[in-house]
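Breakdown of the fold
Below, each chain spelled out in residue letters.
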Amino acid sequence: MIDGKLAILIPTDSYEMPTGQRAHYSPSAYSRAIAAAGAVPILGGEQCAKELSLLCDGLLLAGGPDIEPDLFGEEVYNDTVKMDTPRTKFEYAVLKEFLAQGKAVMGICRGEQLLNVYLGGDIYQDLAHQKGLFHSSYELRHSVKAVPGSFVEKLLGQEFLVNSTHHQAVRRLAPGLKLAAEAPDGVIEAYEHESLPLFGVQWHPERLTNSMRDERTPDMAPLFSYFLELVRSYCGK
């Protein structure tokens, strides 16, 4: 904690500069959503995974590039699969530390997919080519139906609209994870763990929260408040 506030680690996104060095950045919407919920966002730039896990109380895995297929036993499906392996290696290292300490983890988009793969599930590498389903547009909104009794239904209701900007999607849930919401076409939109403080959502709630709220969808602030409740409940265990 920092001055009585929970500290949430958000691993950064990255890219290669013309000099060959890696640059790190993070879309401000993630930090804004965490800060608005009452916690302190801490950005992690691919260094000191163990130390960051000790410093921070919870982990938010954000959106970004595709997941490496070898992590779930497949070859690269086609040239639409664009990966950032150093980022994935760092997030795997961070996940290992947070899970070992029993701390809460929230996954958004890529983060939801990565957590599922880490725990033993798999994903569609290219949702459009493999399933004929298009879910990648900043202007797209589609309905989501929550599983009765799930955290999604409790926070957001039985059915509502979400944004949709993802190239990949969860295919098979890892052991211990259970469905929390899905799209009408069957795409898994959210899951939660049966016993651990872990959950993920496929849409981007950070873009639909507080000052960034889209009136076509519910305010997603309750998701971040719920995450912090989980963090607070487990950070001392």
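Anything mentioned here points back to the structure above.
Residues numbered from 1 in each chain as written. Predicted model: local features only at pLDDT ≥ 70, side-chain atom pairs only at ≥ 80, totals over all residues. Heavy atoms only, no water.

Looking at the packing of aromatic side chains
Definition in use: Here the aromatic set is Phe, Tyr and Trp, taking the six-membered ring for Trp, and pairing holds for ring centres within 6.5 Å; pairs whose planes are under 30 degrees apart are stacked, those over 60 apart are edge-to-face, and all others are tilted. Put simply, DSSP marks the helices as runs of H or I at least four residues long and the strands as runs of E at least two long, and each gets a number from the N terminus on. The classification of residues rests on relative accessible area computed with a 1.4 Å probe and restricted to protein chains. Under 20% of the type maximum is buried, over 50% is exposed, and intermediate values are partly exposed. A ring is considered to have a charge above it if a Lys NZ or an Arg CZ atom is located within 6 Å of its centre and within 35 degrees of its normal.
Following the criterion strictly, the structure yields six aromatic pairs and no others. Aromatic side chains Tyr92 and Tyr118 sit 4.8 Å apart centroid to centroid with 80 degrees between the ring planes, which places their arrangement in the edge-to-face category. With a gap of 26 residues between them, Tyr92 in helix 3 (residues 85-100) and Tyr118 in helix 4 (residues 110-118) connect regions that are remote in the sequence. Judged by centre distance (4.8 Å) and plane angle (55 degrees), the ring pair of Phe151 and Phe199 falls under tilted. Of this pair, Phe151 sits in helix 6 (residues 151-156) while Phe199 sits in strand 13 (residues 198-201); the two residues are 48 residues apart in sequence, bridging distant segments of the chain. For the pair Phe151 and Phe199, one class covers both residues: buried. Positioned over the ring face of Phe98 is Lys103, at 5.7 Å from the centre of the ring.

A look at the nonpolar core
Going by this rule: What is meant by a nonpolar core is a set of buried Ala, Val, Leu, Ile, Met, Phe, Trp, Tyr and Cys residues, joined one to another through side-chain atoms within 4.5 Å. A contact between two residues is defined here by any heavy atoms of the two lying within 4.5 Å.
Counting residues in each nonpolar core, the largest one holds 34 residues, and the members touching the most others are Leu60, Val152, Trp203 and Phe227. No other element matches helix 7 (residues 221-234), which puts six residues into this core. Phe227 has contacts with Ile8, Ile34, Gly58, Leu59, Leu60, Ala104, Val105, Met106 and Phe199, leaving out every residue within four places of it along the chain. Counting 26 residues, the second largest nonpolar core, distinct from the first, contains Ile42, Ile67, Tyr92 and Leu198.

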